[in-house]
Amino acid sequence: MNSIYWLLLIIVLLVIEIITLGLTTIWFAGGALVAFILCLLDLHWKVQWTAFIAVSFLLLIFTRPLAVKRLNNKTQKTNVDSLAGSLAVVTETIDNDKGTGSVSINGQIWTARSVRAGDVFQPGEKVAVERIEGVKAFVDRAV
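Predicted model only: the values in this text are computed from it and were never measured. Every chain's residues receive numbers from 1 upward, in the order its sequence appears when written. Local features in this predicted model are restricted to residues whose pLDDT is 70 or higher, and side-chain atom pairs enter the listing and the counts only when it is 80 or higher, whereas totals over whole chains, interfaces and linings include all residues. Remark: hydrogens and water are excluded; side-chain values derive from all non-hydrogen atoms of the structure.

Asker: If you had to explain the pattern of salt bridges to someone new, which residues and values would you point to?
Answerer: Any Lys or Arg side-chain nitrogen found within 4 Å of a carboxyl oxygen on Asp or Glu counts as a salt bridge. Applying the stated criterion across every chain, the model contains four salt bridges. Among the ionic pairs, Glu125 bridges to Arg141, the shortest N-O distance being 3.6 Å. Taken together, the residues Glu125 in the loop between strand S4 (120-121) and strand S5 (126-133) and Arg141 in strand S6 (residues 136-141) connect sequence positions 16 residues apart. Overall, the relative accessible area of 28% leaves Glu125 in the partly exposed class. Its salt-bridge partner being Glu133, residue Arg131 comes within 2.6 Å of it at the nearest N-O pair. Classification of Glu133 by relative accessible area gives partly exposed; the value is 42%. Each of Arg116, Asp119 and Asp140 takes part in a single network of salt bridges with overlapping partners. Going along the chain from the N terminus, every DSSP run of H or I of four or more residues is numbered as a helix, and every run of E of two or more is numbered as a strand. Three labels apply to residues, based on accessible area from a 1.4 Å probe with only protein chains included: buried if under 20% of the type maximum, exposed if over 50%, partly exposed otherwise in between.

Asker: Let's hear about the packing of aromatic side chains: which residues, and what values?
Answerer: Ring geometry is summarised as follows: Phe, Tyr and Trp rings, the Trp one being its six-membered ring, pair when their centres sit within 6.5 Å, and such pairs are stacked at plane angles under 30 degrees, edge-to-face over 60 and tilted between the two. By the definition in use, this model includes five aromatic pairs. Taking the centre distance of 6.5 Å and the plane angle of 55° together, the rings of Phe28 and Phe52 count as tilted. Taken together, the residues Phe28 in helix H2 (residues 25-40) and Phe52 in helix H3 (residues 45-62) connect sequence positions 24 residues apart. Grouped by ring-pair contacts, the aromatic residues Trp6, Phe28, Trp49, Phe52 and Phe57 constitute a single cluster.

See the structure below:
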């Protein structure tokens, strides 16, 4: 097989990877690079294809999970996920028995409930947001 074909395959796979950023075709580009080198060494086309397939799948299986873990470790919580752990100010008495309560979280008003039955929070108190479920913030005493 002509080395130009392997070179073109490397370029196509790299372009696809740049466009999709899926961390999939990059590993096949690595396999194509090995096949390209074998082609330059004038090895039989069957050896080139075998190396391409083997190297591609080995890279995909063993290095992709490490790369995904490394690249995705700095993801930031967004929207509602980022509210857990923040402080809020009670704007309406929180009383689970009466079904009342609201808090201000970063300037936004949320319906609120206590995480513990029987806890009542008065307006002006600072509370910690434990979690968000739907449109309700579940809060506890701020530490």
